[in-house]
Amino acid sequence: MRPVIVVSQLRKTYGTGETAVHALRGVDLTVWPGEYVAIMGASGSGKSTLLNMLGCLDVPTSGKCLLDGFGVGRLNERQLALLRNRKIGFVFQSFNLVPRVSALANVELPLVYSGLRRAARRRRALAALDLVGLSDRARHLPNELSGGQGQRVAVARALVTGPAMLLADEPTGNLDRASTEDVRP
Ligand SMILES: Nc1ncnc2c1ncn2[C@@H]1O[C@H](COP(=O)(O)OP(=O)(O)O)[C@@H](O)[C@H]1O
Ligand SMILES: [Mg+2]
């Protein structure tokens, strides 16, 4: 078994000189398959920065990051995009659903690059919606869903490609307590 995430001496500095912010100062982290890890810390302590590095949404200033065995530092933009699409599911605090299309179409979106045919994409997206208990809301638009339901659609969208890891940055931060219970695994 190999770790899904290996991070060593990860640093991220925003800006330079007097105004430089050292958001990460040498983070080490190993996550194994099946592990459920919560990163806790005060606002501004660097949680989102770390997740953005793990999700290949931003690049570290220095340090090493291996995702499912792949060294992120050596990849170009195209390879990074591919890695993101194949290996990583990301759920944000603001659900980031596409407002004008159905829940089902939102979940299908990451499969557009998969090479799957339309019918197969649809089947998979429906299965992912079923997994989060929303198959009966497939045709609804995002604004016709409750906050908790919207975030569950975002979780389905993150899982539909069968990623090696699911990253979530305060996924219940915009939800009330009952909806939070809806989203939590
Ligand atoms: N794009 C950015 N440019 C400059 N500073 C940033 C940027 N993003 C985050 N920071 C700073 O980095 C630190 C860590 O922020 P962040 O990772 O968002 O923390 P958290 O998610 O734990 O609240 C904060 O001091 C923040 O102001
Ligand atoms: Mg944050």
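Residues numbered from 1 in each chain as written. Chains lettered and ligands numbered in written order. Predicted model: local features only at pLDDT ≥ 70, side-chain atom pairs only at ≥ 80, totals over all residues. Heavy atoms only, no water.

Caption draft 1: Looking closely at the pairing of strand S1 (residues 5-14). Where S1 meets strand S2 (residues 21-31), eight bridges bridge the pair, whose relative direction is antiparallel. Counted as the bridge partner of Ile-5 is Val-31 from S2. The antiparallel hairpin formed by S1 and S2 contains six residues in its connecting segment, where Gly-15 sits at a positive phi of about 75°. In terms of strand pairing, S1 meets strand S3 (residues 62-67) through five bridges, oriented antiparallel. Its bridge partner lying in S3, Ile-5 is registered against Leu-67. (Pairing = 2+ DSSP bridges. Helix = DSSP H or I, 4+ residues; strand = E, 2+ residues; numbered from the N terminus.)

Caption draft 2: The pattern of salt bridges, seen in detail. In the structure shown here, the tally under the stated rule is six salt bridges. Ionic pairing is found between Arg-121 and Glu-108, a salt bridge with its closest N-O pair at 4.0 Å. With Arg-121 in helix H4 (residues 118-131) and Glu-108 in helix H3 (residues 103-108), this pair connects stretches of sequence that are 13 residues apart. Among the residues examined, Arg-121 registers a relative accessible area of 16% and is labelled buried. Salt-bridge contacts for Arg-122 lead to Glu-108; the nearest nitrogen and oxygen are separated by 2.7 Å. Of this pair, Arg-122 sits in helix H4 while Glu-108 sits in helix H3; the two residues are 14 residues apart in sequence, bridging distant segments of the chain. Glu-108 sits in the buried class, given a relative accessible area of 6%. (Salt bridge = Lys/Arg side-chain N within 4 Å of Asp/Glu carboxyl O. Buried < 20%, exposed > 50% of the residue type's maximum accessible area, 1.4 Å probe, protein only.)

Caption draft 3: Quick peek at the site of ligand 1. Around ligand 1 sit Tyr-14, Val-21, Ala-23, Ala-42, Ser-43, Gly-44, Ser-45, Gly-46, Lys-47, Ser-48 and Thr-49, and that is every residue in its neighbourhood. Between an oxygen atom of ligand 1 and a main-chain N or O atom of Gly-46, the distance comes to 3.0 Å. Summarising the interface, the protein chains cover 57% of the accessible area of ligand 1, which totals 560 Å² for the free molecule. Ranked by residue count, the leading element in the shell around ligand 1 is helix H1 (residues 47-54), at three residues. Looking at the shell around ligand 1 residue by residue, the class counts come to four nonpolar, six polar and one charged. (Near = heavy atom within 4 Å. Polar contact = N/O pair within 3.5 Å; in protein donor to acceptor, adjacent residues only side chain to side chain. Areas by Shrake-Rupley, 256 points an atom, 1.4 Å probe, with all protein chains shown as cover. Nonpolar A, V, L, I, M, F, W, Y, C, P; charged D, E, K, R; others polar.)

Caption draft 4: Quick peek at the nonpolar core. Counting residues in hydrophobic clusters, the biggest one holds 22 residues, and the most contacted among them are Val-107, Leu-129, Val-132, Val-153 and Ala-156. Secondary-structure elements contributing two or more residues to this core are H3, H4 and helix H5 (147-159). If one sorts the elements of this core by residue count, H5 sits on top with five residues. With sequence-adjacent residues up to four places away left out, Leu-129 is seen in contact with Ala-103, Leu-104, Val-107, Leu-134, Ser-135, Ala-138, Val-153 and Ala-156. (Core = buried A, V, L, I, M, F, W, Y, C linked by side-chain atoms within 4.5 Å. Contact = heavy atoms within 4.5 Å.)

Caption draft 5: Representation of the sheet that holds strand S4 (residues 70-71). As summarised here, the arrangement of the four strands in space is S2-S1-S3-S4, forming an open sheet in which the pairing is antiparallel. Because the sheet does not close on itself, it has two edges, and the strands there are S2 and S4. Packed on one face of the sheet, H1 meets S1, S2 and S3 and runs near 120° to S1. (Axes fitted to C-alpha atoms, helices over the stretch in contact; angles between N-to-C directions.)

Caption draft 6: View of H4. Here H4 contains 14 residues, and its C-alpha end-to-end distance of 20 Å stays within 8% of the 20 Å for a straight helix at 1.5 Å per residue. Buried residues of H4: Ala-120, Arg-121, Ala-125, Ala-128 and Leu-129, and no others. Those residues of H4 hidden inside the fold are in contact with H3 and H5. (Expected span 1.5 Å × (residues − 1).)

Caption draft 7: Main features of unusual backbone geometry. Backbone geometry at Asp-68 places phi at a positive 50°, although glycine is not the residue there. Examined against the element boundaries, Asp-68 turns out to sit in the loop between S3 and S4. For Asp-68, a relative accessible area of 12% gives the class buried. In this structure, Glu-170 takes a positive phi of about 45° despite not being glycine. By the secondary structure assignment, Glu-170 is in the loop between strand S6 (165-168) and helix H6 (177-183).

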